[in-house]
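Tertiary structure, described
Below, each chain spelled out in residue letters.
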Amino acid sequence: MISIPHKAKQFVVFLVKLLIVSVAFYFIYDQLANNDKLDWVKFHSLLYDNQSFSGALFLLSFSVANRYLEILKWQNLVSFLKPISVGESTKQVLGALTAGIFTPNGLGEYAGKALYFDKKKTKKVIFLNLICNGIQMILTIIFGTIGLFIIGYWKWSLAIMGFSIFFVLFSFLSKNIKVKGYSIEKLIQKINEIPKRIHQKNNLLALCRYLIFSHQYYFLFLAFDVDLPYVTMMATIATVYFLASSLPSFQFLDFAVKGSVAVFFFGKLGVNEWIVVFISTLMWFLNVVLPVVIGSYFVLKFKPKWN
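**Here we look at the overall build of the protein chain**
If you tally the helices and strands in the protein chain, you get 12 helices and zero strands. Start at the N end of the protein chain and walk to the C end: the helices and strands fall as α-α-α-α-α-α-α-α-α-α-α-α. Per-residue burial for the protein chain yields a buried fraction of 43% across its 307 residues. Taking the intrachain contacts of the protein chain between residues at least 6 apart in sequence as the baseline, contacts between residues at least 24 apart amount to 75%. Counting every atom, the protein chain has about 17,300 Å² of accessible surface; 69% of that belongs to carbon and sulfur.

This is the structure in structure tokens:
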């Protein structure tokens, strides 16, 4: 076997890190500069008309809280393997977010987080990340289904509930069926190996994160003078978030996907299309672009554990 010199390994790692950061920033720039759905003259006009330093800080605090809760979620779940500090969890979450921005549905995050651990723990880290994202998706489905019912799409809501019940019953009846050595029963066993206190904390943090994210959306609409009943607004936001999250996408296209779905549903409520597009863009900028900028620093500082 050919041995690769240590200096050569370091150089290759540096090139990979530089490539990840460069591609991440390119995708962000490309979407902001070349997306034909964004009219920067109108964007500037809307921001100028609604500018408020205290309001901007208030909305930014939601983004900080949103990402901080995600950091606490990951710290909590990883404690099943080993205790890590908030600082270490921050590096892993933001670094993985940057690595996953140009992969379908953020799949790169799974590999990104695994690189911070010994190779023998890769499967466990990926499984914990699945638990971390899984509960967030379950909450999105629950609130989204309720939202669909509230805004009048009750047939869609009932269909989703019926499918969910069918899926649970089918999973229970076929839990012993194995596919390539894996079964639902084995998955449940793996989940139950994690202490209940970790699951409970994970569920609570996920719920808080969902409420933070959805209310940031709500307050942005208020900032742009969209006057709709609170329940109607929150139900529509839940619906948009659910349907958009169900579609295959990349993180750097997140605002385009959510924006398209939001335009459809908020358009039914008489909300100006440009306002919906701008708010979706701001949500993307505050909750994806800014964390990726910070995460780029952690990617460049990353020292692989695999030798």
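**A closer look at the pattern of salt bridges**
In a structure, side chains of opposite charge can pair up when their charged atoms sit close to one another. One pass over the structure, following the stated rule, counts three salt bridges. Linking R209 and E70 is a salt bridge whose minimum nitrogen-to-oxygen distance equals 2.9 Å. Here R209, found in helix α9 (residues 196-223), pairs with E70, found in helix α3 (residues 53-78); they are 139 residues apart in sequence, far enough to count as distant. For the pair R209 and E70, one class covers both residues: buried. Note that E88 and K91 form a salt bridge whose closest N and O atoms lie 3.1 Å from each other. Taken together, the positions of E88 and K91, both in helix α4 (residues 86-99) and three residues apart, correspond to about one turn of that helix. You can call E88 partly exposed: its relative accessible area is 22%.

**Side note on the packing of α4 against helix α12 (residues 273-301)**
As a packed pair, α4 and α12 sit with axes 7 Å apart at the nearest point and diverge in direction by 110 degrees. Classified by the angle between their axes, α4 and α12 sit roughly perpendicular to one another. Touching T90, K91, L94, G95, L97 and T98 of α4 are V288, P291, V292, I294, G295, S296, F298 and V299, all from α12. Broken down by class, the residue content of the contact of α4 with α12 amounts to eight nonpolar, five polar and one charged.

**Looking at a positive patch on the surface**
A cluster of basic residues, K123, K124, K186 and K190, forms a positive patch on the protein surface. Its place among the elements puts K124 in helix α6 (residues 122-150).

**Description of unusual backbone geometry**
Here D225, not a glycine, exhibits a phi torsion of approximately 60 degrees, which is positive. Here D225 lies in the loop between α9 and α10 (230-246). The exposed category is assigned to D225, whose relative accessible area is 65%.

**Quick notes on the packing of aromatic side chains**
Per the counting criterion, the structure on display carries 15 aromatic pairs. Ring centres of F58 and F219 lie 5.2 Å apart, and the angle between their planes is 80 degrees; on these two criteria the pair is classed as edge-to-face. Here F58, found in helix α3, pairs with F219, found in helix α9; they are 161 residues apart in sequence, far enough to count as distant. Taking relative accessible area as the criterion, F58 reaches 40% and is therefore assigned partly exposed.

Cut-offs applied
- Residues numbered from 1 in each chain as written.
- Predicted model: local features only at pLDDT ≥ 70, side-chain atom pairs only at ≥ 80, totals over all residues.
- Heavy atoms only, no water.
- Helix = DSSP H or I, 4+ residues; strand = E, 2+ residues; numbered from the N terminus.
- Buried < 20%, exposed > 50% of the residue type's maximum accessible area, 1.4 Å probe, protein only.
- Contact = heavy atoms within 4.5 Å.
- Areas by Shrake-Rupley, 256 points an atom, 1.4 Å probe, with all protein chains shown as cover.
- Salt bridge = Lys/Arg side-chain N within 4 Å of Asp/Glu carboxyl O.
- Axes fitted to C-alpha atoms, helices over the stretch in contact; angles between N-to-C directions.
- Parallel < 35°, antiparallel > 145°, perpendicular 65-115°, else oblique.
- Nonpolar A, V, L, I, M, F, W, Y, C, P; charged D, E, K, R; others polar.
- Patch = residues over 30% accessible without salt bridge, like charges linked within 9 Å, V, L, I, M, F, W, Y side chains within 5 Å.
- Lys, Arg positive; Asp, Glu negative; His and termini not counted.
- Charge placed at Lys NZ, Arg CZ, Asp CG, Glu CD.
- Phe/Tyr/Trp six-rings, centres within 6.5 Å; stacked < 30°, edge-to-face > 60°.

Just distances and angles here, no functional claims.
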